[in-house]
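Coordinate inspection notes
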Amino acid sequence: MSPDLLPPVAPDVTAGLVEALSPRLRKRLDAGIAKLATRPVTREGDTVRIAVDDDTDLELHAPGGSVTRADAIRCGCLLAPGCLHRAAAASAAPIAEDAEGTDADTRTPDDTAAAPTGDTPADGSAPDGTPHDGIAPTGPPSAGTSTVGAPGDSPDDAFGSAPAAPDGDTSVTAHGRTRTRTPLDAPDGPSRRQSDAVTAPPRVPETVPPAQLDAARAVFDAAAAVLEAGTDGSGAVVQAALLRAAHTARLAGLPRIAASAVSVVNGTRAARTADPAHRLAALAEALRTVLGMAHRLPFATGADLAELRGTVRMPYTPDGSLRLYGLFSEPVLTTTGYAGAVTWTADAEGRLYTVSDVAPGGPGRATGAADRTVRIGDTALTHRELSRAGLAVSGATVSPTGRLGAGAGVRAVRASGAEWTAEPLDRLWTVPVAEQVARALSGGHDLLFLDVTLGGAVRGSTGDDLLAECDGLAVGLATAHDDPALPYRDNLRLLSAVGGARLRVVARLVPGPLPRALLLAAGHPSSPGTRLDLGLDRLQHADLPAAPAPAATEAPQADEAPLHLLRRRVHQAVSGGRRVLAFPDSGAGDGGRLRNVGLVTAADLLDELRSAAADRSRDAFGRLLPADPGRFARAWLASAVYTDEVERALCAAAWGAPH
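Residues numbered from 1 in each chain as written. Predicted model: local features only at pLDDT ≥ 70, side-chain atom pairs only at ≥ 80, totals over all residues. Heavy atoms only, no water.

**Quick word on the overall build of the protein**
- A count of helices and strands for the protein gives 20 helices and 18 strands.
- Counting the 659 residues in the protein, one finds 56% classified as buried.
- Put simply, the protein shows about 25500 Å² of open surface, and 54% of that area lies on carbon and sulfur atoms. (Helix = DSSP H or I, 4+ residues; strand = E, 2+ residues; numbered from the N terminus. Buried < 20%, exposed > 50% of the residue type's maximum accessible area, 1.4 Å probe, protein only. Areas by Shrake-Rupley, 256 points an atom, 1.4 Å probe, with all protein chains shown as cover.)

**Digging into the nonpolar core**
- One finds Leu327 and Trp655 to be the most contacted residues of the largest nonpolar core, which totals 64 residues.
- Excluding residues that lie within four positions of it along the chain, leucine 327 makes contacts with Trp344, Thr345, Ala346, Leu352, Ser387, Trp420, Leu425, Leu428, Trp429, Phe449 and Arg531.
- Of all hydrophobic cores here, the second largest spans 50 residues; its members include Leu242, Ala246, Ala261 and Leu291. (Core = buried A, V, L, I, M, F, W, Y, C linked by side-chain atoms within 4.5 Å. Contact = heavy atoms within 4.5 Å.)

**Remarks on the environment of leucine 322**
- Residue position: leucine 322 is located in strand β7 (residues 317-333).
- For leucine 322 and aspartate 347, which are 25 residues apart along the polypeptide, the C-alpha to C-alpha distance reads 7.0 Å.
- Every residue in contact with leucine 322, bar those within four places of it in the chain, is listed here: Tyr353, Leu391, Ala392, Val393, Ala396, Val398 and Leu404.

**Quick word on the sheet that holds strand β9 (residues 352-360)**
- Strand order in the open sheet formed by 5 strands is β9-β8-β7-β10-β11, with antiparallel pairing between adjacent strands. Only two strands of the sheet have a single neighbouring strand rather than two, namely β9 and β11 (411-415). Put simply, the sheet's adjacent strands are angled 35 degrees from each other on average, direction ignored. (Pairing = 2+ DSSP bridges. Axes fitted to C-alpha atoms, helices over the stretch in contact; angles between N-to-C directions.)

**As for the side chain of glutamine 212**
- Counting through the fold element by element, glutamine 212 comes out in helix α6 (residues 210-233).
- Apart from the residues within four sequence positions on either side, glutamine 212 is in contact with Ala252, Gly253, Leu254, Leu297 and Arg309.

**So, the packing of helix α19 (residues 600-614) against helix α20 (residues 629-655)**
- At a minimum axis separation of 9 Å, α19 and α20 run at an interaxial angle of 155 degrees. With respect to α20, the axis of α19 lies roughly antiparallel. Considering only the axes of α19 and α20, their crossing is left-handed. For the pair α19 and α20, contact is made by Thr601, Ala602, Leu605, Glu608, Leu609, Ser611, Ala612 and Ala613 and by Arg631, Phe632, Ala635, Trp636, Ala638, Ser639 and Tyr642, respectively.
- The residue makeup of the contact of α19 with α20, split by class, is 10 nonpolar, 3 polar and 2 charged. (Parallel < 35°, antiparallel > 145°, perpendicular 65-115°, else oblique. Left-handed = near helix turned anticlockwise from the far one by under 90°. Nonpolar A, V, L, I, M, F, W, Y, C, P; charged D, E, K, R; others polar.)

**Regarding the sheet that holds strand β2 (residues 47-51)**
- Strand order in this open sheet of 4 strands is β1-β2-β3-β4, and the pairing throughout is antiparallel. The sheet terminates laterally at β1 (41-44) and β4 (73-75), the two strands that pair on one side only. Going across the sheet, the axis of each strand differs from the next one's by a mean of 20 degrees, ignoring polarity.
- Pairing between β2 and strand β3 (residues 57-61): 5 bridges, direction antiparallel. Looking at the pairing, threonine 47 lines up with histidine 61 of β3.

Listed below in structure tokens is the structure:
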């Protein structure tokens, strides 16, 4: 049984069914899910039926496309309704989006968001934006990327005392501005953005309602439990606790935190099922985001508090008449059960707009959505056609992330497109690469428009990349998605055989100490003026010009500070939990190596992380007491935030971007 065959189940339904189980059945829940996965599934209209055994069926009724009530899951066994089967089916099914939706700014590579108020997205479906692996939102960076702590308040009041950030290299340069590390236990530390603290007027005190404080605490504790156990130990019971906390946060008016919590559950499920699309770094990012937002909420005021709360619906604003030119299309395939396509367009000024068609589905929908008609105005263009043509839109409505709405007042007809080398699209490639990278790191869209000279395949720690030269930089162009149903990897392999070819490409920035990007679209190597959407179009050997295949080389090595020593422990904690870092020989000498190169803060954060992991007290009889997951979560959060900021600074330096 594939989860794609089951209808999405609301988070509170799953949490309620798991909580209703007896302690004995909870211990058997993960085994029950695995057993249920081997049983046949049939669908009749809005009803999905699972054959539990030869005489017993389990039914999931989803009249609106998803299961929103516990009594919609019915089992014919003798122990029903308190049986294991109902909770196992709910835990195995995809997580339904909230009926009211979520703020699109909460999107992560595994998230989707709902339609806006007063309008509908251009695909007519619920998900907003580009919620697939490896694609970051086009809006501002996640709130979880900022420092934890707040001016004038003590984090001791929020979810326990926090580990102290040490003195030393406490400033990090990134996003074109300098941010100063705020010690987690400093009651009078600097504000979240040091540059803002100098010029911003004093903030008006605002009291966060007790219900929201309680909800944030519940999310923090539940996410800390996931981190404590790691993906290996975060079974259905741990996941259900986080889903319950997410539901509570949504009811308390914290849709952004709720959506982030759900993304952690989705990432955990992908890791435990060995989903090919699972990325440990993406799950670590999701955990850092939800822990960071829940930790910051008690200190937030004004605009910062509104940002952390999020909005239930993404607002679409009128944008008058638009003349758009197609750039490229890319497939969407998420670990949360959504698939489709997103087409990127640009206007005459170089502003980017997207039209998407994303809905529940698998690889087949991701590859087939490109040939679906774009649902905006009266046009009959498909996504594949729009990527090479144009649109004339009147009465346009646009979300803050650049997504076009498709309300009743929107009119759109087909128009002529433009080549990448012609105006107005040519101006996208004339922007200096360093300026494009600085824009992406400071919260703008993360697409890079590059003129490159292709080299050969390069072997790196993350797999084979395509080495290319761009403005004197050696850039690694990587596969945007590893699913075999998408032609990304095959196309990259063929392009690596065209050494010396000069191409225009569209890629997505990968922050890191070396210039690296995910290759999304490219000019045809032997047919000038032809574009290739590398996730949808499939190159053939006959399409390549005759040229000797360059030999594979080793990836260039950066003379960088060994920040990976801290990053590795951050990621290890996500997969293996606290116990992995509690071993005496777990990175014992890494702190000294970091201090030797001047990364005093990184070394002290690593020491605190290892200390928090190994901290176990004993009672009067010598028995081990339960560990403090809160202390470990705060130590991990400080390390993750620091690592992210330093990596952004290193990325800017690698591309020559201002920082």
